[in-house]
Amino acid sequence: MTIGVQLRRQSQFQIGMRKKRFRFEEAWVKDEGCEDTIANAWSVSFNESPMFQVRNKIKECRKWLLAWSKNSMCSQGKKIEEKQNRLQVLEQNNKDSSWAKCEARRHEINILIEKEEIYWKQRSYISWLREGDHNSKKKIMRRHLQGDKKNLVVSLKEMDGTVMEQQRDIERVIIQHFSTLFQSSNLNAIEEVVAHIPRVVTEEMNDWLVRDFHPQEVQVALFQMHPSKDLGPDVNGNPTSYILPSKGLRQGDLPSPYLFLFFVEGLTAMIKKAELDGLVRGVVASRGGPCVSHLLFVDDSLLFYRVLVEACQQVNSLLNLYEVASRKKVNANKTSLFFSSNTRLETQESIKQALGVETVLEYEKYLGLPSTVGRSKKAAFAPIIERVWSKLKEKMMSQAGRKILIKAVAQAIPTYAMGCFLLLKGLLKDIEGMMSRLWWGQKTQERKVHWLSWPKLCMPKSMEGIGFRDLYSFNLAMLAKQ
């Protein structure tokens with residue numbers, strides 16, 4: 001369901017009288033009556049389940065605090081003004097006995113001022129911390145009042161063109177939309193996908209994971225919340241009916257990436273099981289090398305199989321099973337087939353029709369690297385030289401600027417390729433030659449004297465070098481990290 005939303009400022013559109021939300025004031029804890037009020041409210045007993053008892057006790061605390069605050073917590077500003085007037089009268093009295101009363105009155109005024117400061121600090125959001133005492137009460141009050149002018153959903157337009165403008169209709173459409181969004185998809189075939197994943201979680205580990213929460217764990221989780229913040233309602237500031245999610249995990253939840261990896265592990269296990277059963281067979285890149293059937297990257301998957309219609313049908317059935325279990329459908333528009341040069345056209349056409357995807361003559365690059373290298377490595381990695389040359393040619397700068405350009409740009413361009421391939425020495429020499437010509441200020445066909453060889457420039461500064469990289473040694477070091 002697609003919803004078109006129209007927003008308007010609250011000052012331009014009113015949705016009627018709204019029930020005022022309860023807010024716990026931090027200034028209340030400075031009064032001795034607050035703790036007694038909470039204790040008396042919490043002592044009220046209810047004959048219900050433990051969680052409903054907690055819910056009703058919190059609700060009872062809200063009622064008692066509201067009643068207590070109305071009776072005993074009047075305006076702090078009026079109290080401060082009254083006590084300041086009394087203090088002024090006492091200060092005009094020159095009797096010795098009035099000195100102690102003045103000190104007691106000043107102490108009371110300071111407590112009231114602290115309560116008022118806490119009151120406005122609670123409403124100042126982050127501006128209090130950023131601006132400190134310069135964030136005056138008048139300025140905070142203006143921002144607090146401006147904060148009430150929030151965006152409101154005044155109308156919704158559904159897919160059929162129906163426009164909802166009544167508040168009840170808007171709430172009904174939104175609740176229906178999110179209830180459907182958070183409804184369980186009733187996934188099937190999960191057991192078939194994950195059946196062949198090697199089990200690494202023992203029974204003891206599983207019992208520890210599913211055990212009941214300890215009171216201390218609940219306390220730690222609650223105390224990690226901000227002491228004076230709470231979650232407010234999202235539907236025009238009014239609480240509506242509950243939306244009960246039936247999905248165990250939703251997109252955006254912290255464990256959701258692990259659920260994706262779990263299904264990918266299931267796909268890998270199914271492919272390996274099909275290989276062991278002889279239903280499919282991967283390809284061998286070299287004589288005596290390992291058989292490769294699939295490579296999984298961040299958002300791409302490469303499958304390698306012999307050109308047999310039966311094998312392709314088996315792979316297609318595995319992917320269909322994966323789609324049913326994970327609800328992640330293979331995008332046919334972004335899927336392509338690549339055949340070796342010795343594959344007959346009739347076989348290519350039959351496999352293409354069986355899988356329903358298009359073929360490509362040359363596979364695209366992945367992360368800037370060629371997917372197939374072939375016999376000519378120089379031609380495959382020639383774009384690296386072109387990229388380096390495009391960054392270095394015709395650069396007018398000081399020697400310090402040339403040094404930064406070589407270290408931060410030219411030497412960084414081939415880094416990723418060096419971590420995957422052993423580049424040709426001739427290609428690396430060409431790149432080092434371009435950097436050397438830039439360092440000594442040579443332009444186009446102009447010849448300039450290179451006063452030091454490139455190996456000496458690659459020496460560290462402590463050994464009278466510049467600290468440039470020896471690209472071949474760096475290439476070996478990157479491959480050794482794998």
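### As for the overall build of the chain
Logical step 1: For the chain, the count of helices and strands is 20 helices and 9 strands.
Logical step 2: For the chain, the proportion of its 482 residues judged to be buried stands at 27%.
Logical step 3: Partitioning the contacts of the chain with sequence separation of at least 6, the portion at a separation of at least 24 is 61%.

### With respect to the confidence of the model for the chain
Logical step 1: Taken as a whole, the chain shows an average pLDDT of 78; of its residues, 80% reach a score of 70 or greater.
Logical step 2: Scored below 50 in pLDDT, residues 7–15 shows 23 contacts in the model against residues more than four places distant or in partner chains.
Logical step 3: Under a pLDDT of 50 for its full length, residues 127–132 has, in the predicted model, 10 contacts with residues more than four places off or in other chains.

### Focus on the pattern of salt bridges
Logical step 1: Taken as a whole, this structure holds 8 salt bridges when the rule is applied.
Logical step 2: The shortest N-O distance in the salt bridge between E217 and R211 comes to 3.1 Å.
Logical step 3: One salt bridge in this structure joins K273 and D277, with 2.7 Å as the shortest N-O distance.

### Concerning the packing of helix α15 (residues 382–392) against helix α16 (residues 399–410)
Logical step 1: The interhelical angle for the contact between α15 and α16, taken along N-to-C directions, is 150°, at an axis separation of 11 Å. Regarding the angle of α15 to α16, the classification is roughly antiparallel. Where α15 crosses over α16, the two elements pack in a sense that is right-handed. Taken together, the residues of α16 that come into contact with α15 (itself represented by V388, K391 and L392) are L405, V409 and A410.
Logical step 2: Its residues placed into classes, the contact of α15 with α16 shows 5 nonpolar, no polar and 1 charged.

### What about the nonpolar core?
Logical step 1: Core analysis: the largest hydrophobic core is formed by 29 residues, its most contacted members being L392, I431, M435 and F468.
Logical step 2: Secondary structure elements with two or more residues in this core: α15, α16, α17 (415–418), α18 (425–439), α19 (454–457) and α20 (471–480).
Logical step 3: Looking at which element gives the most residues to this core, the answer is α18, with 7 residues.

### Considering the side chain of Q411
Logical step 1: Along the chain, Q411 turns up in the loop between α16 and α17.
Logical step 2: Here the side chain of Q411 touches R469 through a polar contact of 2.8 Å, landing on its backbone nitrogen.
Logical step 3: Excluding anything up to four places from it in sequence, Q411 contacts I406, M435, F468 and R469.

### Digging into the environment of D160
Logical step 1: Position of D160 relative to the elements: it lies in the loop between β2 (151–157) and β3 (163–164).
Logical step 2: Side chain to side chain, D160 and T162 meet in a polar contact 3.1 Å long.

### Some details on the packing of aromatic side chains
Logical step 1: Applying the stated rule across the entire model yields 7 aromatic pairs.
Logical step 2: Ring geometry for F24 versus W28: centroids 5.3 Å apart, planes at 80°, classification edge-to-face.
Logical step 3: Given the relative accessible area of 32%, F24 is considered partly exposed.
Logical step 4: Exposure remark for W28: the relative accessible area of 7% places this residue in the buried category.
Logical step 5: Where W439 meets F468, the ring centres are 5.5 Å apart and the plane angle is 85°; that geometry is what we call edge-to-face.

### Considering the packing of α18 against α20
Logical step 1: At a closest axis distance of 9 Å, the pairing of α18 and α20 adopts a crossing angle of 125°. By the angle between their directions, the pair α18 and α20 is classed as oblique. Packed against α18, whose contacting residues are K425, L428, I431, E432 and M435, the element α20 presents L471, Y472 and N475 at the interface.
Logical step 2: Looking at the contact of α18 with α20 residue by residue, the classes come out as 5 nonpolar, 1 polar and 2 charged.

### A closer look at a positive patch on the surface
Logical step 1: Together, R55, K59, R62 and K63 give the surface a local cluster of positive charge.
Logical step 2: Here R55 is to be found in helix α2 (residues 50–72).

### Considering the environment of I175
Logical step 1: Counting through the fold element by element, I175 comes out in helix α7 (residues 167–181).
Logical step 2: A relative accessible area of 16% places I175 in the buried class.
Logical step 3: Counting along the chain gives 60 residues from I175 to V235, while the straight-line C-alpha distance between them is 9.2 Å.
Logical step 4: In contact with I175, not counting residues within four places along its chain, are T240, S241 and I243.

### Points about a nonpolar patch on the surface
Logical step 1: There is a patch of nonpolar side chains on the surface, built from V200, V201, M205, W208, L209 and V210 and spanning about 640 Å² of accessible area.
Logical step 2: Turning to its location among the elements, M205 is positioned in helix α9 (residues 203–209).
Logical step 3: By relative accessible area, which is 43% here, M205 ends up partly exposed.

### Brief notes about helix α12 (residues 309–326)
Logical step 1: An ideal rise of 1.5 Å per residue puts 26 Å on 18 residues; α12 measures up with 26 Å between its terminal C-alpha atoms.
Logical step 2: Within the sequence span of α12, burial applies to A311, C312, V315, L318, L321, Y322, E323, A325 and S326.
Logical step 3: For α12, the secondary structure elements touched by its buried residues are α8 (190–194), α11 (256–276), β7 (301–303) and α13 (345–355).
Logical step 4: Immediately beyond the C-terminal end of α12, within one or two residues, lies R327, with a positive phi of roughly 60°.

The rules behind the values
Residues numbered from 1 in each chain as written. Predicted model: local features only at pLDDT ≥ 70, side-chain atom pairs only at ≥ 80, totals over all residues. Heavy atoms only, no water. Helix = DSSP H or I, 4+ residues; strand = E, 2+ residues; numbered from the N terminus. Buried < 20%, exposed > 50% of the residue type's maximum accessible area, 1.4 Å probe, protein only. Contact = heavy atoms within 4.5 Å. pLDDT = per-residue confidence, 0-100. Salt bridge = Lys/Arg side-chain N within 4 Å of Asp/Glu carboxyl O. Axes fitted to C-alpha atoms, helices over the stretch in contact; angles between N-to-C directions. Parallel < 35°, antiparallel > 145°, perpendicular 65-115°, else oblique. Left-handed = near helix turned anticlockwise from the far one by under 90°. Nonpolar A, V, L, I, M, F, W, Y, C, P; charged D, E, K, R; others polar. Core = buried A, V, L, I, M, F, W, Y, C linked by side-chain atoms within 4.5 Å. Polar contact = N/O pair within 3.5 Å; in protein donor to acceptor, adjacent residues only side chain to side chain. Phe/Tyr/Trp six-rings, centres within 6.5 Å; stacked < 30°, edge-to-face > 60°. Patch = residues over 30% accessible without salt bridge, like charges linked within 9 Å, V, L, I, M, F, W, Y side chains within 5 Å. Areas by Shrake-Rupley, 256 points an atom, 1.4 Å probe, with all protein chains shown as cover. Lys, Arg positive; Asp, Glu negative; His and termini not counted. Charge placed at Lys NZ, Arg CZ, Asp CG, Glu CD. Expected span 1.5 Å × (residues − 1).

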